[in-house]
Amino acid sequence: MDLSKVTNIFKSAIARNKKTPPPVPEAVWQNPLYFLAFGLGSGAMPFAPGTFGTLMAIPFYLALRSLPLTAYIIFVIAFFALSAYLCDRLSREIHVHDHPGMCIDEFAGFFVTMINAPHGVGWIILGFILFRIFDIWKPWPIGLIDEKVTGGVGMVLDDVVAGLFSCAIIQILSLVLG
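Everything numeric here is computed off the predicted structure, so don't read it as measured data.

> Can you help me understand the overall build of the protein in this one?
Counting its secondary structure elements, the protein contains eight helices and zero strands. Burial analysis of the protein (178 residues in total) assigns 42% to the buried set. Contacts in the protein between residues far apart in sequence, at least 24 positions, make up 73% of those at least 6 positions apart.

Below is the structure:
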């Protein structure tokens, strides 16, 4: 495997995201809907808000992981719908499509990543790493969804698909490793 190709993929993804981000709205600290959409404030970080948003999702995953699988999946579906609604509504209010600080979609993607994941710190770390790789790299169809699907659904769906890719890898590894 040529590591320079892998390095170039991430360099181009980072370059794509090097645009000067729009300012974080003051409403994040005043309006509970903004606070939620901006990952409980984690999206206000001046760098890597998606990474900090994913980190912020981990304690919530830990609180949810003891749910029965069906209940967890129902929660994830409801969370997807709520996230899509919030992203759509707030993007219209602030006139910024897919503000980088609006990282509730990272919560949704991480929750998908961890569907039926084995318990343990190593699995959480692996889920975090895999999700961030797919969310940043955006291989097909994630990149296509990110570009073509509009509104709140599009803002969250690319993260959910990155979560599905990550979840599939975790499930395969858990089967192989027993």
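That covers the picture; the talk isn't over yet.
> What exactly am I supposed to notice about the packing of aromatic side chains here?
The relative placement of two aromatic rings is captured by the distance of their centres and the angle of their planes. Considering all chains together, one arrives at eleven aromatic pairs under this definition. Judged by centre distance (5.6 Å) and plane angle (80°), the rings of Phe 47 and Phe 52 are edge-to-face. On the basis of relative accessible area, Phe 47 is assigned to the exposed category, the value being 52%. Feature note: the residues Phe 60, Phe 75, Phe 79, Phe 107 and Phe 111 constitute an aromatic cluster, connected by ring pairs.

> I keep staring at the side chain of Asp 158 and nothing clicks. Help me out?
Checked against the element boundaries, Asp 158 lands in helix α8 (residues 151–177). In this structure Asp 158 touches Asp 135, Lys 138, Ile 142, Ile 145 and Asp 146, once residues within four positions along its chain are discounted.

> Looking at this structure, how should I read the packing of helix α6 (residues 121–137) against α8?
Two measures define how a pair of helices packs: the angle their axes make with one another and the distance between the axes. Interhelical geometry of α6 versus α8 gives an angle of 140° and a closest axis separation of 8 Å. Between α6 and α8, the interaxial angle falls into the category oblique. The element α6 and its partner α8 pack so that their crossing is right-handed. Within the contact between the two elements, α6 uses Trp 123, Leu 126, Gly 127, Leu 130, Phe 131, Phe 134 and Asp 135 and α8 uses Asp 158, Asp 159, Ala 162, Gly 163, Phe 165, Ser 166, Ile 169, Ile 170, Leu 173, Ser 174 and Leu 177. Considering only residue class, the contact of α6 with α8 consists of eleven nonpolar, four polar and three charged.

> How should the side chain of Ser 42 be read in this particular structure?
When you line up the elements, Ser 42 lands in the loop between α2 (32–37) and α3 (49–64). Excluding its chain neighbours within four sequence positions, the residues that come into contact with Ser 42 are Pro 49, Phe 52, Gly 53, Met 56, Cys 103 and Phe 107.

Conventions adopted
Residues numbered from 1 in each chain as written. Predicted model: local features only at pLDDT ≥ 70, side-chain atom pairs only at ≥ 80, totals over all residues. Heavy atoms only, no water. Helix = DSSP H or I, 4+ residues; strand = E, 2+ residues; numbered from the N terminus. Buried < 20%, exposed > 50% of the residue type's maximum accessible area, 1.4 Å probe, protein only. Contact = heavy atoms within 4.5 Å. Phe/Tyr/Trp six-rings, centres within 6.5 Å; stacked < 30°, edge-to-face > 60°. Axes fitted to C-alpha atoms, helices over the stretch in contact; angles between N-to-C directions. Parallel < 35°, antiparallel > 145°, perpendicular 65-115°, else oblique. Left-handed = near helix turned anticlockwise from the far one by under 90°. Nonpolar A, V, L, I, M, F, W, Y, C, P; charged D, E, K, R; others polar.

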